[in-house]
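Structural description and commentary
Read off the chains here:
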Amino acid sequence: MSTITSPLKPEDKKAVATALQGALIDLLDLSLLTKQAHWNVIGHNFRSVHLQLDKIVSAARKHADTVAERAVALGCNPDGRSSTVANTTEVPQLETGYINDGKVIAAMTDILGSIIRRMRERITATEKPDLVTQDLLIEITRDLEKHHWMIEAQR
């Protein structure tokens, strides 16, 4: 059985793997929660919020794939199984059932804000061990912050 050789020192690889795995869990849960909100949003601003949520889902899925592929390229095994997401997520969860558009905006503002805080911690954690991964995390955070702004502006 062959393996992927990492260009990083073992201690650097471990730090980067931890950052990438955490980002993967955040992004996968973001895509699931945002789709849940997309299906259940109701209210006067239904259409615009519904469409905006789909853009966040697309971004989260794209970024999750990029993060997982970066991990593999470094010889790390990403774990995006549903059980892993459910057991390790730190993302605030949505209520069940229909959710008024104002509550969706508030919840998504909080969800994105919590993910952005952790992403910024990962940016700091990857500065020394791997600037390429840090650059990737910076780009993802930039995009998440744009979505956060666009959601929060509707409060």
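Shown above is the structure to which this text applies.
Right, let's walk through the structure included here. (Residues numbered from 1 in each chain as written. Predicted model: local features only at pLDDT ≥ 70, side-chain atom pairs only at ≥ 80, totals over all residues. Heavy atoms only, no water.)

Okay, the side chain of serine 31 next. Structurally, serine 31 can be placed in helix α1 (residues 10-40). Assessed through its relative accessible area of 7%, serine 31 is described here as buried. From its side chain, serine 31 meets the backbone oxygen of leucine 28 in a polar contact 2.7 Å long. Those residues in contact with serine 31, other than ones at most four positions away along the chain, are Val57, Ala60 and Arg61. (Helix = DSSP H or I, 4+ residues; strand = E, 2+ residues; numbered from the N terminus. Buried < 20%, exposed > 50% of the residue type's maximum accessible area, 1.4 Å probe, protein only. Polar contact = N/O pair within 3.5 Å; in protein donor to acceptor, adjacent residues only side chain to side chain. Contact = heavy atoms within 4.5 Å.)

Time to look at the side chain of aspartate 26. Following the sequence through the fold, aspartate 26 ends up in helix α1. Residue contacts for aspartate 26: discarding those within four places in its chain leaves Val91, Ile115, Arg118 and Arg122.

Attention shifts here to the packing of helix α4 (residues 101-125) against helix α5 (residues 131-152). Viewed as axis vectors pointing N to C, α4 and α5 meet at an angle of 160°, and their least axial separation amounts to 9 Å. Considering the angle they form, α4 stands roughly antiparallel to α5. Regarding α4 and α5, the two cross each other, and that crossing is left-handed. Every residue of α5 that contacts α4 at Ile105, Met108, Thr109, Leu112, Gly113, Ile115, Ile116, Met119, Arg120, Arg122 and Ile123 is listed here: Gln134, Leu137, Ile138, Ile140, Thr141, Leu144, Glu145, His147, His148, Ile151 and Glu152. Class assignment of the residues belonging to the contact of α4 with α5 gives a composition of 12 nonpolar, six polar and four charged. (Axes fitted to C-alpha atoms, helices over the stretch in contact; angles between N-to-C directions. Parallel < 35°, antiparallel > 145°, perpendicular 65-115°, else oblique. Left-handed = near helix turned anticlockwise from the far one by under 90°. Nonpolar A, V, L, I, M, F, W, Y, C, P; charged D, E, K, R; others polar.)

With their axes 11 Å apart at the nearest point, α1 and α5 run at an angle of 25° to one another. For the element pair α1 / α5, the angle class is roughly parallel. Viewed along their axes, α1 and α5 form a crossing whose handedness is left-handed. Here α1 contributes Val16, Ala19, Leu20, Ala23, Leu27 and Leu30 to the contact with α5, which in turn contributes Thr133, Leu136, Leu137, Ile140 and Leu144. Class assignment for the residues of the contact of α1 with α5 results in 10 nonpolar, one polar and no charged.

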